[in-house]
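Secondary and tertiary structure notes
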Amino acid sequence: EAGVTQSPTHLIKTRGQQATLRCSPISGHTSVYWYQQALGLGLQFLLWYDEGEERNRGNFPPRFSGRQFPNYSSELNVNALELEDSALYLCASTPGHIGNEQFFGPGTRLTVL
Amino acid sequence: ILNVEQSPQSLHVQEGDSTNFTCSFPSSNFYALHWYRWETAKSPEALFVMTLNGDEKKKGRISATLNTKEGYSYLYIKGSQPEDSATYLCAFITAAGNKLTFGGGTRVLVKP
């Protein structure tokens, strides 16, 4: 069974640009979660999508947004990039309820110059 | 903002020794607590999903206990091996079931 996949692996952008990160969940999983791990910090909850709807978001500005497609894959968009957006972005999926264990993808390393 | 604390932040363990560390979380609005192991250059992997006060779970040499009334969980590693070197994360899920908050992690280094 294929695991959670993320693309791209690495992404380099400059300040003010937009970044789009993609995630494909495990087949059969309907929920996708996005997390940010900035240097020296723990995993911070960004967004949760389930059945195409945004269920909750963490304490991040509106320039962090995303969507979930009918096939349950998801995109994370970060507009007006700032230097402090440089981080590892992890995606995870679960078969529905947030209480189920999360299966993580390999992450996208975003560098903002 | 939910406070999920892990201590210590890091620890060095001699191969063969046993160790344990703590995850503290709010004692109210508890739904579940997860433990994950995150090895360098890999993705976090779930170790345990704990939901009931008094839960004890075991996977090989690793075990965990849960006290929801006082808001803490312990993770134990028995007879540590170099392959146990990783960051161990706990994650707290509220009763509303709509948010998962990670602790800062405990980084374990097992020295041969």
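Bear in mind the structure is a predicted one, so any value in this text is a computation, not a measurement. (Residues numbered from 1 in each chain as written. Chains lettered and ligands numbered in written order. Predicted model: local features only at pLDDT ≥ 70, side-chain atom pairs only at ≥ 80, totals over all residues. Heavy atoms only, no water.)

**Here's the deal with the interface of chain B and chain A**
Stated formally: Between two residues, a contact is recorded if the distance between any of their heavy atoms is within 4.5 Å. Defined in terms of a 1.4 Å probe, buried area is the accessible area two parts forfeit on being brought together, summed over both. A side-chain nitrogen of Lys or Arg and a carboxyl oxygen of Asp or Glu constitute a salt bridge if their distance falls within 4 Å. Within 3.5 Å is the distance limit for a polar contact, defined as a pair of N or O atoms, with the added protein rule that one can donate a hydrogen and the other accept it, and that residues adjacent in sequence qualify only through two side-chain atoms. Each helix is a run of DSSP H or I of at least 4 residues and each strand a run of E of at least 2, with the numbering of both proceeding from the N terminus. Side-chain classes are defined by residue name, with Ala, Val, Leu, Ile, Met, Phe, Trp, Tyr, Cys and Pro counting as nonpolar, Asp, Glu, Lys and Arg as charged, and the others, Gly among them, as polar.
Listed by partner, the interface residues are 16 residues for chain B and 18 residues for chain A. Taken over both partners, the interface formed by chain B and chain A buries close to 1500 Å², and the fraction arising from carbon and sulfur atoms is 64%. For the pair chain B and chain A, the interface holds 0 salt bridges. Counting across the interface, chain B meets chain A through 2 residue pairs in polar contact (both at pLDDT 80 or more). Only strand S4 (30-38), strand S5 (45-50), strand S9 (86-94) and strand S10 (100-102) of chain B provide two or more residues apiece to the side of chain B that touches chain A. Ranked by the residues each element gives to the side of chain B that touches chain A, the list is headed by S4(B), at 4 residues. Grouping the amino acids of the side of chain B that touches chain A by side-chain chemistry returns 11 nonpolar, 4 polar and 1 charged.

**Examining the sheet that holds strand S7 (residues 64-68) of chain A**
All names here are of chain A. Going by this rule: Any two strands with at least two DSSP bridges between them are considered paired. Axis lines are fitted through C-alpha atoms, for helices just across the contact stretch, and the angle between N-to-C directions can take any value from 0 to 180 degrees.
Taken together, the 4 strands give an open sheet; going across it, the order is S1-S3-S8-S7, and neighbouring strands pair in antiparallel fashion. Taken across any chain shown, the strands that pair with only one partner, and hence form the sheet edges, are strand S1 (5-7) and S7. Taken over all neighbouring pairs, the strand axes of this sheet differ in orientation by 15° on average, direction set aside. As paired strands, S7 and strand S8 (residues 74-78) are joined by 5 bridges and run antiparallel to one another. The residue bridging Gly66 from the neighbouring strand is Leu76, located in S8.

**Observations regarding the state of the cysteines**
Two cysteines whose sulfur atoms are joined by a covalent bond form what is called a disulfide. Put simply, the rule is: Note that a disulfide, as used here, is simply two cysteine sulfur atoms within 2.5 Å.
By the definition in use, this model includes 2 disulfides over all chains. Residue Cys23(A) pairs covalently with Cys91(A) via a disulfide, S to S 1.7 Å. Looking down the S-S bond of the Cys23(A) and Cys91(A) bridge, the torsion is -50°, so its handedness is left-handed. Residue Cys23(A) is found in strand S3 (residues 19-24), and its partner Cys91(A) is found in strand S9 (residues 87-94); the two are separated by 68 residues along the sequence. Paired by a disulfide, Cys23(B) and Cys90(B) hold their sulfur atoms 2.0 Å apart. Residues Cys23(B) and Cys90(B) are joined through a disulfide that is right-handed, its torsion about the S-S bond being 75°. Highlighted residues: Cys23(B) in strand S3 (residues 19-24) and Cys90(B) in strand S9, separated in sequence by 67 residues.

**So, the pairing of strand S7 (residues 62-67) of chain B**
All names here are of chain B. Our working rule: Relative accessibility under 20% of the residue-type maximum defines a buried residue, over 50% an exposed one, and the middle range a partly exposed one, all with a 1.4 Å probe and only protein chains included.
Counted residue by residue, S7 has 5 buried out of 6 residues, so it is predominantly covered. With 4 bridges joining them, strand S6 (residues 56-59) and S7 adopt antiparallel strand pairing. The residue bridging Lys59 from the neighbouring strand is Ile62, located in S7. Between S6 and S7, which pair antiparallel and follow one another directly, the connecting turn spans 2 residues, one of which, Gly60, has a positive phi of 65°. Summarising the sheet, S7 and strand S8 (residues 72-77) pair through 6 bridges and their orientation is antiparallel. Within S8, the residue paired with Asn67 across the bridge is Tyr72.

**A look at the packing of aromatic side chains**
Filter applied, for reference: Here is the rule: rings of Phe, Tyr and Trp (six-membered ring for Trp) pair when centre to centre is within 6.5 Å. Planes less than 30 degrees apart are stacked, more than 60 are edge-to-face, and the remainder are tilted.
Tallied over the entire structure, the rule returns 15 aromatic pairs over all chains. Residues Tyr35(A) and Phe102(B) carry aromatic rings whose centres are separated by 5.3 Å and whose planes lie at 85° to one another, so their mutual orientation is edge-to-face. Linking Tyr35(A) in strand S4 (residues 31-38) with Phe102(B) in strand S10, this pair reaches from one chain into another. Assessed through its relative accessible area of 8%, Phe102(B) is described here as buried. For the ring pair Phe25(B) and Phe30(B), a centre distance of 5.5 Å and an interplane angle of 35° mean the geometry is tilted. A residue is classified by how much of its surface remains accessible, and Phe25(B), at 6% relative accessible area, is buried.

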